[in-house]
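Given next are the chains, with one letter for each unit.
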Amino acid sequence: MKAGVFIVDDHYMVIEGIRSLLQHEKNIDWLGHATNAASCLSFLKQQQPDVLLMDISLPDKSGTDLCKEVKLLYPAVFVLGLSTFNQQAVIRNMMDNGASGYILKNADKEEVLEAIRIVLTGKTYFSPEAAVSMKETGKEMPLVTRREKEVLRLIAAGLTNAEIAGQLFISIPTVNTHRKSLLEKFDAKNTAILISKAIRQGII
C-alpha cells in the first residue's frame, strides 16, 4: 500500500528536489505541495496525506504552530519536521508540538525514505545531525511526542488503557503502542518506574 506524502515549504528548489526523489518510488504516492500554512490547511480539508513534510519556517506561520494545528485537526497525519536548523531547542519545540521526526534538508533519498518508513510505524526519526544535537545536553531527557505526553499524564493519573483510549479518542491498541514506547524511551521495566522517572525529569 502506498504512503501519501505532501510537503509544505516556501522554497521551490526544496520542493522540486524532494519531489524528484520520491515521485517515482513504488511505495510513495506524491500528493503535491504547499508554499505556506494557509495553502497546506486548505489542502488538508480535501485530502490527508499519511506523511506531511513540514518546513519550520513558513511565510505566514511557524512550522511549529502549523504542526500543532495539523495534529489537533488531523491526528492520524504523521509530521516530519524539515529544516536546515539542527539546534536542540528548535527540534524539541517541533517534537513537543506533535512532529514524529525531524530531518535536515541535506538528507539524501535513502534517508528521506527511511524517515517516512519509520514514522509510519509510529516511531520517531531524527537525521544523524539532529540526533547528535538532541544528545548534547548535561541532562539527557527522553524525547516524547505530544501524544505520548498526554498518554503519560493519564497513566500517572491512574487511568486504564481503555479509559485513556476513551479520553483521547484513540484505540486501545494505540494506547498500548504508546505505553510500550514510553517504557522503552525511559528504560523502565514497569509503569511505576516509568512514572517515577518522568516526574524526576519534570515531564509530568
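Fair warning: this is a prediction, and the values are worked out from it, not measured in the lab. (Residues numbered from 1 in each chain as written. Predicted model: local features only at pLDDT ≥ 70, side-chain atom pairs only at ≥ 80, totals over all residues. Heavy atoms only, no water.)

A.B. asks: Can you walk me through the nonpolar core in this structure?
C.D. replies: Nonpolar side chains tend toward joint burial in soluble globular proteins. Counting 29 residues, the largest nonpolar core has Leu52, Met54, Leu66 and Val70 as the members making the most contacts within it. Looking at this core, the elements with two or more residues in it are strand 1 (3-8), strand 2 (28-34), helix 2 (37-46), strand 3 (51-55), helix 3 (63-73), helix 4 (88-96), strand 5 (101-104) and helix 6 (128-135). Per-element accounting of this core gives the leading share, five residues, to helix 2. Ignoring any residue separated from it by four or fewer positions in sequence, one finds Met54 in contact with Val8, Gly63, Leu66, Cys67, Val70, Val79, Leu80, Gly81, Leu82 and Met94. Core analysis: the second largest hydrophobic core is formed by 20 residues, Val14, Ile15, Leu53 and Leu82 among them. (Core = buried A, V, L, I, M, F, W, Y, C linked by side-chain atoms within 4.5 Å. Buried < 20%, exposed > 50% of the residue type's maximum accessible area, 1.4 Å probe, protein only. Helix = DSSP H or I, 4+ residues; strand = E, 2+ residues; numbered from the N terminus. Contact = heavy atoms within 4.5 Å.)

A.B. asks: How should the pattern of salt bridges be read in this particular structure?
C.D. replies: Where side chains of opposite charge bring their charged atoms close, a pairing between them can arise. Using the criterion set out here, one finds ten salt bridges in the structure. A salt bridge links Lys149 to Asp96; the shortest N-O distance between them is 3.3 Å. In this pair, Lys149 sits in helix 7 (residues 146-156) while Asp96 sits in helix 4, placing the two residues 53 residues apart along the sequence. Two residues, Arg117 and Glu114, come together in a salt bridge whose shortest N-O distance is 2.9 Å. Of this pair, Arg117 and Glu114 both sit in helix 5 (residues 109-120), three residues apart, roughly one helical turn. (Salt bridge = Lys/Arg side-chain N within 4 Å of Asp/Glu carboxyl O.)

A.B. asks: Help me understand the pairing of strand 3, please; the structure alone is not making it clear to me.
C.D. replies: Two faces belong to every sheet, and in a regular strand the side chains alternate between them. Of all five residues in strand 3, five are buried; the element is thus mostly enclosed. In this fold, the crossover linking strand 3 to strand 4 (residues 78-83) by way of helix 3 has right-handed handedness. (Right-handed = clockwise from strand over helix to strand, strands pointing away.)

A.B. asks: What should I look at first to understand helix 3 in this one?
C.D. replies: Residue pairs spaced three or four apart in an α-helix point in one direction, given the helix's 3.6 residues per turn. Listing the buried residues of helix 3 in full gives Gly63, Thr64, Leu66, Cys67, Val70 and Lys71. Taken down its axis, helix 3 places every buried residue within 160° of arc, on the same side. More than 90 degrees from the buried face of helix 3, the exposed residues found are Leu72 and Leu73. The elements touched by buried residues of helix 3 are strand 1, helix 2, strand 3, strand 4, helix 4 and helix 7. (Arc of directions from axis to C-beta.)

A.B. asks: Looking at this model, I keep getting lost on unusual backbone geometry. Mind explaining?
C.D. replies: The phi torsion of most residues other than glycine is negative, and most of the peptide bonds are trans. In the Ramachandran plot, Phe169 falls in the positive-phi region, its phi being about 60° despite a non-glycine side chain. As for its position among the elements, Phe169 is in the loop between helix 8 (161-168) and helix 9 (172-185).

A.B. asks: Sorry, what's going on with the pairing of strand 1 here?
C.D. replies: Counting buried residues along strand 1, six of its six residues qualify, which places the element largely inside the surrounding structure. By the alternation rule, side chains of strand 1 split into Ala3, Val5 and Ile7 and Gly4, Phe6 and Val8, which are all buried. As defined by bridge partners, strand 1 adjoins strand 2 across six bridges and the pair is classed as parallel. Residue pairing across strands places Val5 opposite Trp30, the latter belonging to strand 2. Chirality of the crossover, the property in question, places the unit of strand 1, helix 1 (residues 12-22) and strand 2 among those that are right-handed. Where strand 1 lies against strand 3, four bridges are found, and the strand directions are parallel. Along strand 3, the bridge assignment pairs Val8 with Met54. (Pairing = 2+ DSSP bridges.)

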